Amino acid sequence: MKPSLLDYTQKELIELIKPKFRVKQIYGWLYHQYAENFEDMKNIPKAMKEELTQKYVVNPLKIVNKEVSSDGTIKYLLELQDGKTMEAVWLKMKEQQVDCNGEITQEARYSICVSTQVGCKVGCSFCLTAKGGFTRDLTAGEIVAQVVTLKRDNNHKHNRKINIVYMGMGEPLDNLANLAKAIEIFKEEEGLAIGGKRQTVSTSGLSNQIDKLGAMDLGVHIAISLHAVDDELRTELIPMNKAHNIDSIIEAVKRFPIDTRKRVMFEYLVIKNKNDDLGSAKKLVKLLSDIKAKVNLIYFNPYPGTEYDRPERKDMVAFQEYLINHGLLCTIRDSKGIDISAACGQLKEKTEGEI
Ligand code: SF4
């Protein structure tokens, strides 16, 4: 597998490719024009392109399948250079706003949900991704390429705002070095310039890795997949809770450098008759009492073969009201892309036969 130019920061490329002004041009091709190969780079001399082609690829991903949901969500199946596949999702977060004269007052807002691994080691019992086991970590370039590829495919200009959520296949903090590098590359001013506050790392709660990410001070948000308020149920849902229990996660979150204007997001996957009762809501309020938190309640989306059920709407609403009445910000997230299995924990590496 050749490295991709997307694996490197601009500074690193300046070390690898001479003269420096060519790197500036190449950087523009990569992040402003979304070049897919060296042929696209019109102002780079032929001899240089031939030399670079021997050592590097431009974009290491190929779109092999695309599913469009009725709500505008697009799920991409992407193939890597070694033939492995993983998924990324294009999410429409806000509709375009138009005034009475038909002028656009606000562009539509989008987020991209990216994967950090092919498969996942964590093995959550409710997760479709986990069923396929773990194959390998993605490189920084393979993480960066997902955003470049999806922006290109949706004609989304480089300077239009976009949010990144590390919530696709894999546990981001289990691939911390490549994740951190991808975050840095996204932030580069002459590239996509996606600031830390537009990037959210969602973790199943590797408490020691939360500390390491915090120490890197990258300015990103974190979201914690909590899902349960007692260790017994959480271990059933997320087996590695044995090594990183609820208390250790809460303590790590308290140590994480958070912008004081921001809140830490706690994802709570609501499963019928498992964690949808008011007793659980009460424990959740107590658990988060010292944290500036926001809770996202997520409906469990059943998939073929699962033993868990989708909760009743009335129980979701009662749970939400309890949290709000006790001072917590809380939303019920309607899972976007539910009809194409693009909701959290539903991404998986598909075999050819399933496409
Ligand atoms: S929910 Fe996330 S952390 Fe858990 S197995 Fe699935 S991909 Fe891994």
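Now for a description of the structure that goes with this document. (Residues numbered from 1 in each chain as written. Predicted model: local features only at pLDDT ≥ 70, side-chain atom pairs only at ≥ 80, totals over all residues. Heavy atoms only, no water.)

Right, let's get into the site of the ligand. Residues in close proximity to the ligand include Cys120, Val122, Gly123, Cys124, Phe126, Cys127, Thr129, Ala130, Gly170 and Ser204, which together make up its full environment. Looking at the shell around the ligand, its residues break down into six nonpolar, four polar and no charged. (Near = heavy atom within 4 Å. Nonpolar A, V, L, I, M, F, W, Y, C, P; charged D, E, K, R; others polar.)

Pro19 follows Lys18 through a cis peptide bond whose omega is -10°. Although it is not a glycine, Asp217 adopts a positive phi angle of roughly 50°. Among the structural elements, Asp217 can be located in the loop between helix H7 (207-216) and strand E11 (221-225). We note that Asn273 has phi near 60°; this positive angle belongs to a residue other than glycine. Tracing the sequence through the fold places Asn273 in the loop between strand E12 (264-270) and helix H10 (278-287). (Helix = DSSP H or I, 4+ residues; strand = E, 2+ residues; numbered from the N terminus.)

With that out of the way, let us pick up the packing of aromatic side chains. Considering all chains together, one arrives at five aromatic pairs under this definition. Taken together, a centroid distance of 5.1 Å and an interplanar angle of 35° make the contact between Tyr268 and Phe319 tilted. A residue pair is termed long-range when its members are at least 10 positions apart, and Tyr268 in strand E12 and Phe319 in helix H11 (residues 313-325) qualify at 51 residues. A residue is classified by how much of its surface remains accessible, and Phe319, at 0% relative accessible area, is buried. Between Lys121 and the ring centre of Phe134, over which it is positioned, the NZ or CZ distance is 4.7 Å. Just above the ring of Tyr299 sits the side chain of Arg310; from NZ or CZ to the centre is 4.1 Å. (Phe/Tyr/Trp six-rings, centres within 6.5 Å; stacked < 30°, edge-to-face > 60°. Buried < 20%, exposed > 50% of the residue type's maximum accessible area, 1.4 Å probe, protein only. Lys NZ or Arg CZ within 6 Å of the ring centre and 35° of its normal.)

On to H10, then. Those residues of H10 lying buried are Ser280, Ala281, Leu284, Val285 and Leu287. Projected onto a plane normal to the axis of H10, the buried residues spread over an arc of 160° and lie on a single side. Away from the buried face of H10 by more than 90 degrees, exposed residues Lys282 and Lys286 are located. As for H10, its buried residues are in contact with helix H9 (246-255), E12, strand E13 (293-299) and H11. (Arc of directions from axis to C-beta. Contact = heavy atoms within 4.5 Å.)

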